[in-house]
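For reference, the chains in residue letters:
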Amino acid sequence: MQRMQLLPSPKERSEQVSLCSWPQPGPCGSEAGSQEADPVTLLSINALMDKLHLKYAQKPWIETLKLVRLCMDKPPRGSISVTPHHPLLSCLEKIQRTLNAKSLSTVMSRLEFLSKQRGLKSHISPNGTACYLTSDMFYVEVQLEKDGKVIDVKLAHPGEAPVVCDDLVQLLRMKNYDAFGRILEGLLNLYQIPGNRTLMSIEYYLSPYQVLEEELNPGSQVCGTKVYVTVGSSNTTHKLPISPLIVDSQAGDGNLAFLPLTDELSMDLSACFFLSFHRPFPMSSSSIQEIQKFTGIPIDGLKLASLHALIVQFTFNDEYKEELAMNNSCFFVSLPDCPKHSYFINKGTEKSGITGALVSKIPFTHPKCVPAIIEILRHQVAYNTLIGSCVSENTINEDCSELLYFEVSPQKDTSFSISFQHPMGESLACVVADVLSSRQIRCSLHTHPQDVALNCCNDFITRVMERCMSVPLVMRAIFKNSVTMKVDGEIQNMEVTSEQNPEVTCKQTESSNSTGANISGASMQNSCDDMEASSSTASIECETCDASV
């Protein structure tokens, strides 16, 4: 095939130069015969044309085409980008609409123009039968036959396998490029983040300590537990909305009202919305099943394990070591005005324990799912907060101080128990905490019938736990009340004794003053001594920082 002559030959250029000396019609049709071309300008043009002719004389035609295409793609100087209303793009659009894209080259040109119009990048495969329309978040692969017929259209994200989109295939086969372009624009809008292009986050939980910090320090930046709304690829095709689904700002009952996800308002895409966590979040199997039942989409990548073990891992944050989680379940918590606590986190057995998994992201397709998912997450984070309050970085009692021993064991779903030595008896006592929701907890205290009843009703324990969301603080309140109760009982006994035996009134009064002046001293010490003396009966062992009740 002969190569097309792009540049004029020297003979043709001489003829063109001679034509430049001819009179040229002016703007009003008059001849400007008095104006002649500048000889210096003509010589410079001739020299430039000679250089171009020599430079591209041996170049193949395909490379010249690439150069012309590159020059057309390059925006003019002084402009950052070529807007859709740029004159060049407007002319190209008119040409593309006029041409009937039947051949392979015309279809490729039309696809390249669509990608440029929507702000996408495009390139053609080496064999020339596939066109890729790419962005930072996804790419569309259009496979064509040599005669220009569309074979497949695939949508994929970088590093993942592409998925065939039948809707896009049908649109291109029908040569409905306008609808195809609108879908490309819709895909870009899915990944377009408004404002400063930061991820949209939902802050759904604040701990009591964070609420207190906000009250004490107005204007302080307190960061609660957050989840981020993102869009990502999916192994299966889902119907995603292509227009807003919110009917009104709020319905009559105060809840948001949404339109159903119909065919007119949605499109099948191999993508999905996600509520993503900053780092994997421990959730119980029941909570995961509840979310999956509500969204209708399974959560991938789950590895079931003991929920309490996962909460311990999560509480340690980045400083957590896997070896520490596997070999240690005993943690020491120091509180003011109270002996040090030793908490044994019972992870449960495979049959009786509560299982869970670390969840990185939760898929959903309709915005109506978000409020229900957030409520489940609040419920879960409340349970995790209570279990995590028993965890500390101290796994060894370095100062050999006196200890109060507790065992935290899973019960069912979002309930757990705290077992401990009765402060004024030799049997075990137990507090069962049932986390009904993120705002409601129900606690119940159980003691042996032969032991003295503790001066703590269930309502009192519930109020303390809901207010502070801390197991150690609840246990400290119970023990403080029991010490006060014991001191009051000793005072009443001394009064009765003084009435029956007045001779020892003086000595008992001194003992009473000493006891009342140091409630958290000698009396607490006696209570702890009684507990340690009966530790063998309760089968409490702490020789290797493990306690089993």
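Cut-off values and rules
- Residues numbered from 1 in each chain as written.
- Predicted model: local features only at pLDDT ≥ 70, side-chain atom pairs only at ≥ 80, totals over all residues.
- Heavy atoms only, no water.
- Helix = DSSP H or I, 4+ residues; strand = E, 2+ residues; numbered from the N terminus.
- Buried < 20%, exposed > 50% of the residue type's maximum accessible area, 1.4 Å probe, protein only.
- Contact = heavy atoms within 4.5 Å.
- Areas by Shrake-Rupley, 256 points an atom, 1.4 Å probe, with all protein chains shown as cover.
- Salt bridge = Lys/Arg side-chain N within 4 Å of Asp/Glu carboxyl O.
- pLDDT = per-residue confidence, 0-100.
- Phe/Tyr/Trp six-rings, centres within 6.5 Å; stacked < 30°, edge-to-face > 60°.
- Expected span 1.5 Å × (residues − 1).
- Pairing = 2+ DSSP bridges.
- Axes fitted to C-alpha atoms, helices over the stretch in contact; angles between N-to-C directions.
- Parallel < 35°, antiparallel > 145°, perpendicular 65-115°, else oblique.
- Nonpolar A, V, L, I, M, F, W, Y, C, P; charged D, E, K, R; others polar.
- Core = buried A, V, L, I, M, F, W, Y, C linked by side-chain atoms within 4.5 Å.
- Polar contact = N/O pair within 3.5 Å; in protein donor to acceptor, adjacent residues only side chain to side chain.

1. Some details on the overall build of the protein chain
Counting its secondary structure elements, the protein chain contains 16 helices and 16 strands. Burial statistics for the protein chain: of 549 residues in total, 38% are counted as buried. Within the protein chain, counting contacts between residues at least 6 apart in sequence, those at least 24 apart form 62% of the total. Summed over its atoms, the accessible surface of the protein chain is roughly 32,200 Å², and 53% of this surface lies on carbon and sulfur atoms.

2. What about unusual backbone geometry?
Positioned with a positive phi, Asp 337 is a non-glycine residue whose angle comes to about 60°. Here Asp 337 is to be found in the loop between strand 10 (330-333) and strand 11 (340-345). Classification of Asp 337 as exposed rests on a relative accessible area of 58%. The backbone of Asp 413 sits at a positive phi, close to 50°, despite the residue not being glycine. On the secondary structure map, Asp 413 appears in the loop between strand 13 (403-412) and strand 14 (415-421).

3. Observations concerning the pattern of salt bridges
When the charged atoms of two side chains lie near each other, side chains of opposite charge can form a pair. Under the defined criterion, the tally for this structure stands at 5 salt bridges. Among the ionic pairs, Asp 434 bridges to Arg 442, the shortest N-O distance being 3.1 Å. When salt bridges with common partners are traced through the structure, they connect Lys 239, Asp 263 and Asp 268 into a single cluster.

4. Observations regarding the confidence of the model for the protein chain
Summing up the model confidence of the protein chain, the mean pLDDT is 75 and the portion of residues at 70 or higher is 66%. Across residues 504-549 the pLDDT falls below 50, and counting only partners more than four positions away or on other chains, this stretch makes 57 contacts in the model.

5. Quick look at the packing of aromatic side chains
The full count for this structure, using the stated rule, is 9 aromatic pairs. With 5.7 Å between their ring centres and 80° between their planes, Tyr 383 and Phe 416 make a pair best called edge-to-face. Taken together, the positions of Tyr 383 in helix 12 (residues 369-388) and Phe 416 in strand 14 put the pair 33 residues apart, joining distant regions of the chain. Ring plane angle 50° and centroid distance 5.9 Å describe the contact between Phe 406 and Phe 420, whose orientation is recorded as tilted. Residue Phe 406 is located in strand 13, and its partner Phe 420 is located in strand 14; the two are separated by 14 residues in the primary sequence.

6. A few points about helix 5 (residues 104-117)
Residues separated by three or four positions in an α-helix point in the same direction, a consequence of the helix having 3.6 residues per turn. With 14 residues, helix 5 extends 20 Å between its outermost C-alpha atoms, agreeing within 8% with the 20 Å of an ideal straight helix rising 1.5 Å per residue. Counted residue by residue, helix 5 has 10 buried out of 14 residues, so it is predominantly covered. Residues of helix 5 that are buried include every one of Leu 104, Val 107, Met 108, Arg 110, Leu 111, Glu 112, Phe 113, Leu 114, Ser 115 and Gln 117, and no others. Gly 119 sits one or two positions beyond helix 5 and adopts a positive phi of about 85°.

7. Digging into the sheet that holds strand 2 (residues 130-134)
Strand pairing within a sheet occurs via backbone hydrogen bonds; the two strands may be parallel or antiparallel. Spatial strand order, 1-2-3-4-5: 5 strands in an open sheet with antiparallel pairing. Edge strands, defined here as strands with exactly one partner in the open sheet, are strand 1 (121-124) and strand 5 (163-164). As paired strands, strand 2 and strand 3 (residues 139-144) are joined by 5 bridges and run antiparallel to one another. Opposite Thr 134, over in strand 3, you have Tyr 139 as the bridge partner.

8. Overview of the environment of Phe 138
With respect to the secondary-structure elements, Phe 138 resides in the loop between strand 2 and strand 3. Using a relative accessible area of 1% as the deciding quantity, one classes Phe 138 as buried. Along the chain, Phe 138 and Ala 156 lie 18 residues apart, while their C-alpha atoms are 5.7 Å from each other.

9. So, the packing of helix 10 (residues 307-315) against helix 12
Two quantities define a packed helix pair, namely the angle between the axes and the distance from one axis to the other. One can describe the packing of helix 10 onto helix 12 by two numbers: an axis separation of 10 Å at closest approach and a directional angle of 75°. Taken together, the axes of helix 10 and helix 12 are roughly perpendicular relative to one another. Residues Leu 307, His 308, Ile 311 and Thr 315 of helix 10 touch helix 12, and the partners they reach there are Gln 380, Tyr 383, Asn 384, Ile 387 and Gly 388. Taken together, the residues of the contact of helix 10 with helix 12 break down into 4 nonpolar, 5 polar and no charged.

10. A few points about the sheet that holds strand 11
With mixed pairing, the 6 strands of this open sheet are ordered in space as 10-11-13-14-15-16. The sheet terminates laterally at strand 10 and strand 16 (441-446), the two strands that pair on one side only. Between one strand axis and the next, the sheet turns by 25° as a mean value, whatever way the strands run. The sheet contact formed by strand 10 and strand 11 spans 4 bridges and is antiparallel.

11. Considerations on the nonpolar core
Within the largest apolar cluster, 97 residues are counted, with the highest numbers of intra-cluster contacts made by Val 140, Phe 180, Phe 416 and Met 475. The greatest single-element share of this core, amounting to 11 residues, is contributed by helix 12. The residues touching Phe 416, leaving out its near neighbours within four places in the chain, are Tyr 383, Leu 386, Ile 387, Val 408, Ser 409, Pro 410, Gln 411, Val 431, Val 432, Ala 433, Val 435 and Val 471.

12. Quick word on the side chain of Asp 451
Tracing the sequence through the fold places Asp 451 in the loop between strand 16 and helix 13 (458-468). Overall, Asp 451 belongs to the buried group, its relative accessible area being 15%. At 3.5 Å, the side chain of Asp 451 forms a polar contact with the side chain of Ser 427. In this view, Asp 451 contacts His 422, Gly 425, Glu 426 and Ser 427; residues no more than four positions away in its chain are not counted.

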